[in-house]
Amino acid sequence: MANFNKVSVSNETRTELHDKLQLTGAEVSINNLPAGAGVPFVHYHKKNEEIYFITAGKGKAVIDGETVELCAGDWLSISPAARRQFFAAENEGISYICMQVKENSLEEYTAADAGIEQ
């Protein structure tokens, strides 16, 4: 396992994968909020943009005072400076994956960063 790491995660409220997967360029967390619950604080970042994927349920994000309705299948990107807070719907929980990466750090992607063995 010199070139990869594999872990299994439970259905906890929040699981951060940075240490578990020994990540060096991103932070990934798995989040589960039960019906009616919310993240108890507003937050922002100094350098990292966040990408959210809603895997199940529904809820909302309040971003710089604007409410964004969310449901399974939605993707959401948020710039570092934006103030954000997440909430599950009153009658349904929400599960999402959050990926943090340094804003403007992507230099190559997909085919430009890949090597193909012949």
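Presented here is an overview of the structure given in this document. Treat the numbers as computed from the prediction; the structure is a model and nothing was measured.

**Let's talk about the overall build of the protein**
Then, number 1: When helices and strands are counted, the protein shows zero helices and seven strands.
Then, number 2: Secondary structure elements in the protein, listed N-terminal to C-terminal, are β-β-β-β-β-β-β.
Then, number 3: Seen through its principal axes, the protein has C-alpha atoms that stretch 55 × 30 × 25 Å.
Then, number 4: Out of the 118 residues belonging to the protein, those deemed buried represent 28%.
Then, number 5: Restricting the contact set of the protein to residue pairs at least 6 apart, pairs at least 24 apart contribute 63%.
Then, number 6: Summed over all atoms, the accessible surface of the protein reaches about 8200 Å², with 50% contributed by carbon and sulfur.
Then, number 7: In the protein, 10 positive and 17 negative side-chain charges are present, and the distance between their average locations comes to 6 Å.

**Things to note about the pattern of salt bridges**
Then, number 1: According to the stated counting rule, one finds two salt bridges in the structure shown.
Then, number 2: Note that Glu-50 is salt-bridged to Arg-84, the shortest N-O span being 2.7 Å. Note that Glu-50 is positioned in strand β3 (residues 48-63) and Arg-84 in strand β6 (residues 84-88), a separation of 34 residues in sequence.
Then, number 3: The class of Glu-50 is buried, set by a relative accessible area of 2%.
Then, number 4: For Arg-84, a relative accessible area of 0% gives the class buried.

**Points about the environment of Glu-90**
Then, number 1: Relative to the elements of secondary structure, Glu-90 occurs in the loop between β6 and β7 (94-102).
Then, number 2: You can call Glu-90 exposed: its relative accessible area is 69%.
Then, number 3: Placed 55 residues apart in sequence, Glu-90 and Ala-35 show a C-alpha to C-alpha distance of 5.2 Å.

**Comments concerning the layout of surface pockets**
Then, number 1: One number sums up the size of the largest pocket: a volume of about 250 Å³.
Then, number 2: Taken together, 18 residues line the largest pocket, and the ones lying closest to its centre are Arg-14, Asn-31, Val-39, Phe-41 and Tyr-96.
Then, number 3: Among the elements that make up the lining of the largest pocket, the one with the highest residue count is strand β2 (residues 27-33) (four residues).

**Some details on the pairing of strand β4 (residues 66-71)**
Then, number 1: Bridge count between β3 and β4: six bridges; the pairing is antiparallel. Among the inter-strand pairings, Lys-60 is bridged to a residue of β4, identified as Glu-69.
Then, number 2: Where β3 folds back on β4, the antiparallel hairpin that results is connected by two residues, among which Asp-64 adopts a positive phi of roughly 50°.

**Let's talk about the pairing of β2**
Then, number 1: Of all seven residues making up β2, six are buried, and the element is well covered by its neighbours.
Then, number 2: Across three bridges, the pairing between strand β1 (residues 14-16) and β2 is antiparallel. Across the sheet, the residue bridging to Glu-16 is Ser-29, located in β2.

About the criteria used
Residues numbered from 1 in each chain as written. Predicted model: local features only at pLDDT ≥ 70, side-chain atom pairs only at ≥ 80, totals over all residues. Heavy atoms only, no water. Helix = DSSP H or I, 4+ residues; strand = E, 2+ residues; numbered from the N terminus. Buried < 20%, exposed > 50% of the residue type's maximum accessible area, 1.4 Å probe, protein only. Contact = heavy atoms within 4.5 Å. Areas by Shrake-Rupley, 256 points an atom, 1.4 Å probe, with all protein chains shown as cover. Lys, Arg positive; Asp, Glu negative; His and termini not counted. Charge placed at Lys NZ, Arg CZ, Asp CG, Glu CD. Salt bridge = Lys/Arg side-chain N within 4 Å of Asp/Glu carboxyl O. 1 Å grid on protein atoms, 1.4 Å probe; cavity = no way out; pocket = protein on both sides within 12 Å on 5 of 7 lines; lining within 4 Å. Points joined across faces, edges and corners; volume = space filled by probe spheres on them. Pairing = 2+ DSSP bridges.

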